[in-house]
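Each chain is listed here by its residues.
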Amino acid sequence: MNKKDIFIGMLVGLIANGIGLFFAANLLGRGDDFVMVIKAAANEGFLGKLISLGAILNLIAFFIFIRKKQDYRARGVLLITVFIAVFTFVFKLF
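Because the structure is a prediction, the values reported are computed rather than measured.

With respect to the overall build of the chain
Point 1. Helix and strand content of the chain: five helices and zero strands.
Point 2. Going from N to C terminus, the chain has its helices and strands arranged as α-α-α-α-α.
Point 3. Classification of the 94 residues of the chain by burial places 31% in the buried group.
Point 4. The contacts in the chain between residues at least 6 apart in sequence include a share of 66% that link residues at least 24 apart.
Point 5. For the chain, the exposed surface amounts to about 6700 Å²; the carbon and sulfur share of it is 71%.
Point 6. Side-chain charges in the chain split into 11 positive and 5 negative, and the spacing between the mean points of these groups amounts to 10 Å.

About the criteria used
- Residues numbered from 1 in each chain as written.
- Predicted model: local features only at pLDDT ≥ 70, side-chain atom pairs only at ≥ 80, totals over all residues.
- Heavy atoms only, no water.
- Helix = DSSP H or I, 4+ residues; strand = E, 2+ residues; numbered from the N terminus.
- Buried < 20%, exposed > 50% of the residue type's maximum accessible area, 1.4 Å probe, protein only.
- Contact = heavy atoms within 4.5 Å.
- Areas by Shrake-Rupley, 256 points an atom, 1.4 Å probe, with all protein chains shown as cover.
- Lys, Arg positive; Asp, Glu negative; His and termini not counted.
- Charge placed at Lys NZ, Arg CZ, Asp CG, Glu CD.

Shown next, in the form of structure tokens:
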């Protein structure tokens, strides 16, 4: 049961990050097309920052799981958040 809950938490973390990325791109992109904003962010070198802004929704999901005493799901969200942080760090190096 614990591995299943961690996987569910990781899935929720990925979905929350994707939704947060979409909102951040629409907010900072001033209404431009999502794909166009992502391409422009990649060309200008701030895609990692945009992805990190998207991870803010993971914080909300994490605290919801903690409040509901679903610690293993919260652990999954935390794992995805750490993975995203490492990914953006490595992405920035290259």
